[in-house]
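# Tertiary structure, described
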Amino acid sequence: MSYLGTTGEHSARFRPVDETIVLDRPTTSAHFVAPGSVTDGQFGLFRWDMAPASGGPARHFHKTFSESFYVIDGTVRLDDGERTVDATAGDFLYVPMGGIHAFANVSDEPASMLILFAPGPPREQYFLELAEIAESGRELSAEEWAEFYARHDQYMV
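This is a predicted model, so every value here is computed, not measured. (Residues numbered from 1 in each chain as written. Predicted model: local features only at pLDDT ≥ 70, side-chain atom pairs only at ≥ 80, totals over all residues. Heavy atoms only, no water.)

Before going further, it helps to examine the pattern of salt bridges. Pairing between side chains of opposite charge can happen when the charged atoms of each approach one another. Under the criterion given, the structure shown has nine salt bridges. For the salt bridge of R25 with E135, the shortest nitrogen-to-oxygen distance reads 2.8 Å. Remark: E135 occurs in helix α1 (residues 123-136) and R25 occurs in the loop between β1 (21-24) and β2 (28-34); sequence separation between them is 110 residues. Note that E129 and R151 form a salt bridge whose closest N and O atoms lie 2.8 Å from each other. Placement of E129 in helix α1 and of R151 in helix α2 (residues 142-151) is noted, with a sequence separation of 22 residues between them. (Salt bridge = Lys/Arg side-chain N within 4 Å of Asp/Glu carboxyl O. Helix = DSSP H or I, 4+ residues; strand = E, 2+ residues; numbered from the N terminus.)

Take a look at the structure:
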């Protein structure tokens, strides 16, 4: 997709911090800085803050979007499906569509990273629904989990 005009246009979007939706959970805070709904689906950008020893998702992959991780602060264990690295500020991991990956904070210190999804699916819905399931105390069957993950393009390995 390319811009075909010749003079440019006034189409930039400023989003002040007070418009950012933050999903606070017991061990993480997800800041939906620029979800796909803000970027016309071109990408999604989240800030992910993790408490010490907060863990993270198990190995998984996505079929319709890539995911990138940029460590801002602390140590984040990044798994590229073949190896695990304790990444620190400035380290980056790109995971193409179909790439197996995982992340976690296993250190005794807090950590923060940026997560970039491209293109920008409504990924925040996955995290919001996951939080609602946890808060409600509902217990999903294996079939319900499989449907939930498939609906959000999350395939556990």
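Structure's up, so let's keep going.
Turning to the pairing of strand β7 (residues 84-88), a few remarks are in order. Side-chain positions along a regular strand alternate between the two faces of the sheet. Bridging between strand β6 (residues 75-79) and β7 involves five bridges; their strand directions are antiparallel. The residue of β7 that forms the bridge with T75 is T88. (Pairing = 2+ DSSP bridges.)

One can find L114 in strand β10 (residues 111-118). In this structure the C-alpha to C-alpha distance between L114 and I72, which are 42 residues apart in sequence, comes to 7.0 Å. The contact partners of L114, leaving out residues within four places of it in the chain, are L45, F46, R47, S68, F69, Y70 and I72. (Contact = heavy atoms within 4.5 Å.)

Another aspect to go through is the nonpolar core. Counting residues in each nonpolar core, the largest one holds 25 residues, and the members touching the most others are W48, F69, V76, L78, F103, M113 and F127. For this core, the secondary structure elements donating two or more residues are β2, β3 (44-50), β5 (66-73), β6, β8 (92-95), β10 and α1. (Core = buried A, V, L, I, M, F, W, Y, C linked by side-chain atoms within 4.5 Å. Buried < 20%, exposed > 50% of the residue type's maximum accessible area, 1.4 Å probe, protein only.)

Aromatic rings in a pair are described by how distant their centres are and how their planes are angled relative to each other. Using the criterion set out here, one finds 13 aromatic pairs in the structure. Both rings, one in W48 and one in F127, keep their centres 4.8 Å apart while their planes meet at 50°; by these two values the pair is tilted. Of the two residues, W48 sits in strand β3 while F127 sits in helix α1, which places them 79 residues apart along the sequence. With a relative accessible area of 8%, W48 lands in the buried category. Relative to F127, the ring of Y126 lies with its centre 5.0 Å away and its plane at 75°, an arrangement referred to as edge-to-face. Members of the aromatic cluster, connected to one another through ring pairs, are F32, F46, W48, F65, F69, F103, F117, Y126, F127, W145, F148 and Y149. A cation over a ring is seen here: K63 above Y155, with NZ or CZ 4.5 Å from the ring centre. A cation over a ring is seen here: R123 above Y126, with NZ or CZ 4.2 Å from the ring centre. (Phe/Tyr/Trp six-rings, centres within 6.5 Å; stacked < 30°, edge-to-face > 60°. Lys NZ or Arg CZ within 6 Å of the ring centre and 35° of its normal.)

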